[in-house]
Amino acid sequence: MSGEFTVVEVKSEWERESEDMGSKRKFWYNNPDSGNLLFKYPRGDSGEHWAEKIAAEVAEILGIEHAIVELAVFEGRKGSTTRSFTNVGIGTVLIHGNQLLESAVRSYDPNKKFGQSSHTLENIWKALDSVLSALHDSAKAKSTKCRFADYLILDAIIGNTDRHHENWGLLLQLSDGKVVVDLAPTYDHASSLGRELSDTKRERLFANNQIGPYVERAPGAIYWSESDTRGMSPIELVRRSG
Ligand SMILES: Nc1ncnc2c1ncn2[C@@H]1O[C@H](COP(=O)(O)OP(=O)(O)OP(=O)(O)O)[C@@H](O)[C@H]1O
Ligand SMILES: [Mg+2]
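Values in this document were obtained by computation on a predicted structure and should not be read as measured data.

Draft legend 1. Seen up close, a nonpolar patch on the surface. A surface patch of nonpolar side chains, amounting to about 260 Å² of accessible area, comprises Leu62, Ile153 and Ile157. Tracing the sequence through the fold places leucine 62 in helix H1 (residues 48-62).

Listed below in structure tokens is the structure:
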């Protein structure tokens, strides 16, 4: 990790189209030198932009494949920018978790983003097993699940509470006339690292030794059981599934 991060300037004339998926304001743009990128605004005064950047750096140190993120500024507004990982090959398509779960788990509602208690680890394994064993083999399914487990460890370390079913997926690519499927790099870490806390609140948490309880009480977006009313905290999810 370098001592200081570059802040990339996104030029107005590069803007192409907004990205409608997800809850935050963002748009795709084309930098003539580095291709297709997504600029994301942080919400309000939050530190979502630096959370995105630091999370990517942590993933890099841990050797976890992640979306490339830089701090950025657009028309005087701070944000983050991420290079598209669907541009890597011709015809690379991102299939989100909800689409996979819909095909593998009976009566899974792909449009239910909040309170989606069927988004359990067990169902995620089922979905990954079913798609990957069908298109590749069980060894590929196992290695992909291991890589997904790395994402859960990353979430526990950075306190990412937003691993919902549109924040992970598989990349489908045509190679030599065959469909090749792989886990998409981990992306969207805006809701991590206490990015919503004011400096005063953060300092108070540190001073009162309250970081542990703060991390433990934050519900994540993966449920332990379909009958649970809230998602499990990312740290407890790792503990429980270890
Ligand atoms: N680096 C990337 N390469 C390709 N596609 C991406 C990349 N980053 C994000 N996307 C796509 O854009 C969508 C929206 O991006 P993202 O999840 O970062 O936005 P968000 O508004 O923070 O979402 P949420 O509602 O989950 O908070 C993703 O679900 C994914 O489909
Ligand atoms: Mg998202």
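Draft legend 2. Broad picture of the domain arrangement of the chain. By domain assignment, the chain separates into domain 1 (7-83) and domain 2 (93-241). Inter-centroid distance (C-alpha atoms) of domain 1 to domain 2 is 20 Å. With 21 residues of domain 1 in contact, the opposing surface of domain 2 contributes 22 residues. Around 1,600 Å² of area is buried between domain 1 and domain 2 when both sides are counted, 65% of it from carbon and sulfur atoms. In terms of surface lost to domain 2, no three residues of domain 1 exceed Met21, Ile64 and Glu65, which account for 30% of the buried area on that side. Where domain 1 touches domain 2, the interface holds 4 salt bridges. Here arginine 147 ties to glutamate 65 by a salt bridge, and the two come within 2.9 Å at their closest N and O atoms.

Draft legend 3. Region of interest: the packing of H1 against helix H4 (residues 138-158). Remark: H1 packs on H4, axes separated minimally by 11 Å, with the N-to-C direction vectors making an angle of 130°. As summarised for this structure, H1 and H4 are arranged oblique, according to the angle between their axes. Crossing hand, H1 versus H4: right-handed. Residues Ala55, Val58, Ala59 and Leu62 of H1 touch H4, and the partners they reach there are Leu154, Ile157 and Ile158.

Draft legend 4. Spotlight on the site of ligand 1. In the neighbourhood of ligand 1, 23 residues make up the surrounding shell, with Ser23, Lys24, His96, Lys113 and His164 lying closest. Contact between ligand 1 and histidine 164: an oxygen atom at 2.6 Å from a side-chain N or O atom of the residue. Side-chain polar atom of asparagine 167 to an oxygen atom of ligand 1: 3.0 Å apart, as the coordinates give it. Within the complex, the protein chains bury 96% of what would otherwise be the 620 Å² of accessible surface of ligand 1. For the shell around ligand 1, the secondary structure elements donating two or more residues are strand E3 (26-31), strand E4 (35-40), strand E6 (77-83) and strand E7 (93-96). For the shell around ligand 1, the class distribution of residues is 7 nonpolar, 7 polar and 9 charged. If you count residues domain by domain, the shell around ligand 1 takes at least three from each of domain 1 (7-83) and domain 2 (93-241).

Draft legend 5. Spotlight on H4. Taking 1.5 Å per residue as the helical rise, H4 with its 21 residues ought to reach 30 Å, and the 30 Å between its terminal C-alpha atoms agrees with that figure. Where H4 is buried, its residues contact H1, helix H3 (121-135), strand E8 (169-175), strand E9 (178-183) and helix H7 (234-241). Downstream of H4 by a residue or two, glycine 159 has a phi angle that is positive, lying close to 65°.

Draft legend 6. Spatial organisation of the coordination of the magnesium ion (ligand 2). Within the protein, Asn167 (OD1) and Asp188 (OD) serve as the donor atoms for the magnesium ion (ligand 2), at 2.1 to 2.2 Å. Here asparagine 167, found in the loop between H4 and E8, pairs with aspartate 188, found in the loop between E9 and helix H5 (199-207); they are 21 residues apart in sequence, far enough to count as distant. Taken as a pair, asparagine 167 and aspartate 188 share a single burial class, namely buried.

Rules used throughout
- Residues numbered from 1 in each chain as written.
- Chains lettered and ligands numbered in written order.
- Predicted model: local features only at pLDDT ≥ 70, side-chain atom pairs only at ≥ 80, totals over all residues.
- Heavy atoms only, no water.
- Patch = residues over 30% accessible without salt bridge, like charges linked within 9 Å, V, L, I, M, F, W, Y side chains within 5 Å.
- Areas by Shrake-Rupley, 256 points an atom, 1.4 Å probe, with all protein chains shown as cover.
- Salt bridge = Lys/Arg side-chain N within 4 Å of Asp/Glu carboxyl O.
- Helix = DSSP H or I, 4+ residues; strand = E, 2+ residues; numbered from the N terminus.
- Domains from an automatic or database assignment.
- Contact = heavy atoms within 4.5 Å.
- Buried area = accessible area lost by both parts, 1.4 Å probe.
- Axes fitted to C-alpha atoms, helices over the stretch in contact; angles between N-to-C directions.
- Parallel < 35°, antiparallel > 145°, perpendicular 65-115°, else oblique.
- Left-handed = near helix turned anticlockwise from the far one by under 90°.
- Near = heavy atom within 4 Å.
- Polar contact = N/O pair within 3.5 Å; in protein donor to acceptor, adjacent residues only side chain to side chain.
- Nonpolar A, V, L, I, M, F, W, Y, C, P; charged D, E, K, R; others polar.
- Expected span 1.5 Å × (residues − 1).
- Donors = N, O, S within 2.8 Å, 3.2 Å for Na, K, Ca; no water.
- Buried < 20%, exposed > 50% of the residue type's maximum accessible area, 1.4 Å probe, protein only.

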